[in-house]
Amino acid sequence: MSKIITPYKNSSQSKKEQITQMFDNISGNYDQLNRVISFGIDVKWRKKVLQIISNSNPDKILDIATGTGDLAILMAKTNANKIIGLDISAGMLEVGKQKILDKNLSKTIEMVLADSENMPFEDNYFDAITVAFGIRNFENLEKGLKEILRVLKPNGVFVILETSVPVKTPYKQGYAFYTKNILPLIGKLFSKDNVAYGYLSESAAAFPFGEALNNILRENGFIDVVAMTQTFGVATIYSASKR
């Protein structure tokens, strides 16, 4: 992205610090709001990510920007012996830890408070890595991708689920109206952080998607890069690997 989008325009904090603060603020009702905002379709997208990951039969999985752990919990349906959910927001992780306890998955899933651009893992450690709706929040996208490549095993699978922008009429116009007017309004009504959902829609519009993100992945060392458009283009699933 040529322009750095941050949640709090007048803040002197770095983007990373602002993102941490924002997700801490909205962690309590994040899951409920997500279901409302996406009309529940995000559940279907995550299941597609699960299918891709399951096909590689991984033993160790890392879910970056795990938030409250929705995708990490879903991936417990694989045969993986270890799933790590990583996030910089302690508030989001606390919600996720409770969900994991409630589902008796504590032996399989570990929640880790850490920075995705400087991860505390060995080289070539994970068989599969996922990021759902988090990669556009990286402060330094290139640094984050290189760090992901470092901890991914050769021939391992890397899957991104991220919002994108429809390019066909009338979906393009409908999406623009919804993200500019409706989504921030819902966020203001139901979240104590008035700017959070405005940031989420603004950052989605500014982030590279489709072939643009494919090229960024290739430039940072990934191979076998494929983009799969979802639901008229409002989201895209990207699959890649490591040489």
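All values reported here derive from a predicted model rather than from experimental measurement.

Asks: Honestly, the overall build of the protein chain in this entry has me stumped. Any pointers?
Replies: Helix and strand content of the protein chain: nine helices and seven strands. For the protein chain, the C-alpha radius of gyration of 17 Å lies close to 18 Å, the compact-globule estimate for 243 residues. Overall size of the protein chain, expressed as C-alpha extent along the three principal axes, is 45 × 40 × 35 Å. Counting only residues that meet the buried cut, the protein chain has 54% of its 243 residues in that class. For the protein chain, the share of sequence-separated contacts (at least 6 apart) that also reach a separation of at least 24 residues comes to 70%. Total accessible area computed for the protein chain in this model is approximately 11,400 Å², and 53% of it derives from carbon and sulfur atoms. One finds the centroid of the 29 positive side-chain charges in the protein chain at a distance of 6 Å from the centroid of its 25 negative side-chain charges.

Asks: Please explain the sheet that holds strand β6 (residues 222-230) as it appears in this structure.
Replies: Strands in a sheet are paired, the pairing made by backbone hydrogen bonds, and the direction either parallel or antiparallel. Spatially, seven strands are ordered β3-β2-β1-β4-β5-β7-β6 in an open sheet, and the strand pairing comes out mixed. Every other strand in the sheet has two partners, leaving β3 (109-113) and β6 as the edge strands with one partner each. Going from strand to strand, the sheet's axes swing by 15° on average, the running direction of each strand aside. Packed on one face of the sheet, helix α5 (residues 90-102) meets β2 (82-87) and β3 and runs near 170° to β3.

Asks: Explanation requested: the pairing of strand β1 (residues 60-64) in the structure shown.
Replies: Both faces of the sheet carry side chains from a regular strand, because those side chains alternate between them. Within β1, four of the five residues are buried, which leaves the element mostly enclosed by the surrounding structure. Alignment of β1 against β2, held across five bridges, turns out to be parallel. By the bridge assignment for β2, K60 is matched with K82. In this sheet, strand β4 (residues 126-132) lies alongside β1 in parallel orientation, the contact comprising four bridges. What sits directly across from I61, in β4, is A128.

Asks: I tried to follow the pairing of β4 on my own but got confused; where do I start?
Replies: Among the seven residues in β4, seven count as buried, and that is most of the element. Inspection of the sheet shows β4 paired to strand β5 (residues 152-163) by six bridges, in the parallel sense. Across the sheet, the residue bridging to T130 is V159, located in β5. Between the parallel pair β4 and β5, the chain is carried across by helix α6 (residues 141-151), and the sense of this crossover is right-handed.

Asks: Please explain helix α8 (residues 196-206) as it appears in this structure.
Replies: Since the α-helix advances by 3.6 residues per turn, residues separated by three or four positions end up pointing in the same direction. Within α8, burial applies to A196, Y197, Y199, L200, S201, S203 and A204. Packed against the buried residues of α8 are α1 (15-26), α2 (30-37), β5 and α7 (171-190).

Asks: How should I be thinking about the packing of aromatic side chains in this particular structure?
Replies: Working definition: an aromatic ring pair is given by the centre-to-centre distance plus the angle between the planes. Following the criterion strictly, the structure yields seven aromatic pairs and no others. Considering the side-chain rings of F23 and Y30, the 5.9 Å spacing of their centres and the 75° angle between planes classify their relative orientation as edge-to-face. With relative accessibility at 7%, the residue F23 sits in the buried group. Residue classification places Y30 among the buried positions, given a relative accessible area of 12%. Through a chain of ring-to-ring contacts, the aromatic side chains of F121, Y125 and F126 assemble into a single cluster. Just above the ring of Y125 sits the side chain of K60; from NZ or CZ to the centre is 5.2 Å.

Asks: What is the right way to look at the packing of α1 against α8 in this model?
Replies: Axes are the key here: two packed helices are described by the angle between their axes and the distance separating the axes. In the contact formed by α1 and α8, the axes pass within 10 Å of each other and the chain directions differ by 125°. Taken as axis vectors, α1 and α8 run oblique relative to one another. Classified by chirality, the crossing of α8 by α1 is left-handed. Across the interface between the two elements, K15, I19, M22, F23 and I26 of α1 pack against A196, Y197, Y199 and L200 of α8. Tallied by class, the residues present in the contact of α1 with α8 amount to eight nonpolar, no polar and one charged.

Asks: Honestly, the side chain of T179 in this entry has me stumped. Any pointers?
Replies: Tracing the sequence through the fold places T179 in helix α7. Classification of T179 by relative accessible area gives buried; the value is 11%. If we skip the residues at most four places from it in the chain, T179 touches P184 and S201.

Asks: Where do I start with the environment of L33 in this structure?
Replies: Checked against the element boundaries, L33 lands in helix α2. Exposure remark for L33: the relative accessible area of 4% places this residue in the buried category. Along the backbone, L33 and V95 are 62 residues apart, and their C-alpha atoms lie at a distance of 14 Å.

About the thresholds
Residues numbered from 1 in each chain as written. Predicted model: local features only at pLDDT ≥ 70, side-chain atom pairs only at ≥ 80, totals over all residues. Heavy atoms only, no water. Helix = DSSP H or I, 4+ residues; strand = E, 2+ residues; numbered from the N terminus. Rg over C-alpha atoms; globule rule 2.2 N^0.38 Å. Buried < 20%, exposed > 50% of the residue type's maximum accessible area, 1.4 Å probe, protein only. Contact = heavy atoms within 4.5 Å. Areas by Shrake-Rupley, 256 points an atom, 1.4 Å probe, with all protein chains shown as cover. Lys, Arg positive; Asp, Glu negative; His and termini not counted. Charge placed at Lys NZ, Arg CZ, Asp CG, Glu CD. Pairing = 2+ DSSP bridges. Axes fitted to C-alpha atoms, helices over the stretch in contact; angles between N-to-C directions. Right-handed = clockwise from strand over helix to strand, strands pointing away. Phe/Tyr/Trp six-rings, centres within 6.5 Å; stacked < 30°, edge-to-face > 60°. Lys NZ or Arg CZ within 6 Å of the ring centre and 35° of its normal. Parallel < 35°, antiparallel > 145°, perpendicular 65-115°, else oblique. Left-handed = near helix turned anticlockwise from the far one by under 90°. Nonpolar A, V, L, I, M, F, W, Y, C, P; charged D, E, K, R; others polar.

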